[in-house]
Each structure stands twice: as C-alpha cells, then as structure tokens.
Amino acid sequence: MLTPRQLAAVLLAMSAWLLTCPFSVAGQFGQTPEDHADVGGPALSYYADCINEAKARFRIERLDRHVLYRCHNEEAVAYFNFLGRVGVRDERETQPTGVFIFRTIRGLGRCWNMIADENGQPMSSYGCFLMEDI
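Residues numbered from 1 in each chain as written. Predicted model: local features only at pLDDT ≥ 70, side-chain atom pairs only at ≥ 80, totals over all residues. Heavy atoms only, no water.

**Here we look at the environment of Met114**
Looking at the secondary structure, you find Met114 in strand S5 (residues 109-117). By relative accessible area, Met114 is classed as buried at 1%. Measuring from C-alpha to C-alpha, the distance between Met114 and Ser124 comes to 5.4 Å, with ten residues separating the pair along the chain. (Helix = DSSP H or I, 4+ residues; strand = E, 2+ residues; numbered from the N terminus. Buried < 20%, exposed > 50% of the residue type's maximum accessible area, 1.4 Å probe, protein only.)

**Re the sheet that holds strand S4 (residues 98-105)**
The strand order across the open sheet built from six strands is S1-S2-S6-S5-S4-S3, with neighbouring strands paired in antiparallel fashion. The open sheet terminates on both sides in strands that have one partner only, identified here as strand S1 (60-62) and strand S3 (91-95). Mean inter-strand twist for the sheet, computed between neighbouring axes without regard to direction, equals 25°. Contacting S1, strand S2 (66-71) and strand S6 (122-133), helix H2 (residues 43-56) crosses the sheet at an angle of about 90° to S2. (Pairing = 2+ DSSP bridges. Axes fitted to C-alpha atoms, helices over the stretch in contact; angles between N-to-C directions. Contact = heavy atoms within 4.5 Å.)

**Describing the pairing of S3**
Pairing geometry for S3 and S4, over five bridges, is antiparallel. If you follow Gln95 over to S4, its bridge partner there is Gly98.

**Observations concerning helix H3 (residues 73-85)**
With 13 residues, H3 extends 19 Å between its outermost C-alpha atoms, agreeing within 8% with the 18 Å of an ideal straight helix rising 1.5 Å per residue. Among the residues making up H3, those that are buried are Asn73, Ala76, Tyr79, Phe80, Phe82 and Leu83. Following H3 by one or two positions, Gly87 adopts a phi angle in the positive range, close to 90°. (Expected span 1.5 Å × (residues − 1).)

**So, the confidence of the model for the chain**
In the predicted model, the chain carries a mean pLDDT of 80, and the fraction of residues at 70 or more is 70%. Taken element by element, the predicted model of the chain shows its lowest mean pLDDT in helix H1 (residues 4-20) (44) and its highest in S5 (97). Low confidence marks residues 6-35, where pLDDT is under 50. Its contacts with residues over four positions away, or in another chain, come to 51 contacts. (pLDDT = per-residue confidence, 0-100.)

**A short note on the state of the cysteines**
A full pass over the atoms with the stated rule returns two disulfides. For Cys50, the disulfide goes to Cys71, at an S-S distance of 2.0 Å. Every disulfide takes its handedness from the sign of the S-S torsion; for Cys50 and Cys71 that torsion is -100°, giving left-handed. Separated by 21 residues along the polypeptide, Cys50 in helix H2 and Cys71 in strand S2 bring together distant segments of the chain. Cys71 matches Cys50 in its accessibility class, with the two residues each being buried. The disulfide partner of Cys111 is Cys128, and the gap between their sulfur atoms is 2.0 Å. Because the sign of the S-S torsion sets the handedness, a value of about 100° for the bond joining Cys111 and Cys128 places this disulfide among the right-handed ones. Residue Cys111 is found in strand S5, and its partner Cys128 is found in strand S6; the two are separated by 17 residues along the sequence. Grouping residues by exposure puts Cys111 and Cys128 together as buried. (Disulfide = S-S within 2.5 Å.)

**Notes on the pattern of salt bridges**
Using the criterion set out here, one finds six salt bridges in the structure. Note that Glu91 and Arg110 form a salt bridge whose closest N and O atoms lie 3.5 Å from each other. Of this pair, Glu91 sits in strand S3 while Arg110 sits in strand S5, and the two are 19 residues apart along the sequence. Note on accessibility: Glu91 and Arg110 belong to one class, buried. Here Arg110 and Glu93 are joined by a salt bridge, their closest N and O atoms 3.1 Å apart. On the criterion of sequence distance, the pair formed by Arg110 in strand S5 and Glu93 in strand S3 is long-range, its members being 17 residues apart. Through salt bridges with shared partners, one network takes in Glu53, Arg57 and Arg59. (Salt bridge = Lys/Arg side-chain N within 4 Å of Asp/Glu carboxyl O.)

This is the structure in structure tokens:
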C-alpha cells in the first residue's frame with residue numbers, strides 16, 4: 001500500500017509524463033509494435049480488473065478527449081507482471097519523483113513499478129494508468 005507521500009509522488013510523475021507524451025494512434029507512444037502490448041485475449045481480464053479497481057476507488061479523471069483510469073494494489077502488480085510475461089520491454093526512467101520501470105500497453109497507457117524514491121532509496125510500488133477516448 002502506498003503512503004500518501006508516495007502516492008502524491010507517483011501521481012506527480014504520471015502527470016508530468018502525460019504532459020510530455022504524444023498520444024497519437026499512429027505513433028503508439030513513439031515505439032515500435034514489438035515494444036508494447038495491446039488489449040486482447042488474456043490481457044482483457046487484466047485491463048478489466050484495472051478499470052474496475054479504478055472505478056471502485058474513484059481514481060478516474062476526465063480529460064479533454066480521454067478518460068484516465070489509475071489502478072494500484074494487486075491489480076496493477078498482476079497487469080505489470082503479465083506485460084513482462086508476454087515480452088513487453090522494460091523502460092527505465094529517472095524522474096524528479098523517483099526511478100520507474102514502465103511497460104507500455106499499446107495506445108492505452110502504461111503500468112509501472114517505482115523502484116526508488118526521489119532520494120534514491122529503494123522501494124517498490126506498482127500502478128497502471130489507462131486512457132480511453134471519449
């Protein structure tokens with residue numbers, strides 16, 4: 001479970017990423033197709049679990065052209081691990097709020113594992129954010 005400070009740090013990091021990320025279907029987050037997963041087949045249950053957890057905990061944000069869902073807890077851990085099992089490449093990013101490992105979900109968002117806080121102290125917390133077009 002995240003402390004309020006850790007959750008704030010994670011949300012700040014994700015917000016910063018959202019401001020700098022080009023959300024285009026053609027660009028697919030600037031990656032090649034083999035670098036990320038889509039939502040279909042077995043991935044659908046992980047996607048649904050994350051959406052349902054976000055709804056249950058009121059972690060939904062309406063943006064101009066998207067609805068943003070954020071899940072944490074065991075749903076995020078399961079989705080992150082599933083993405084690793086299907087070969088989604090890890091992307092390590094150092095941000096002002098800490099060090100993250102991201103795994104991309106084609107055209108929809110990313111799951112992450114925060115492995116160090118803003119002071120470089122080891123930690124582990126998980127989350128996913130999913131975007132749906134309005």
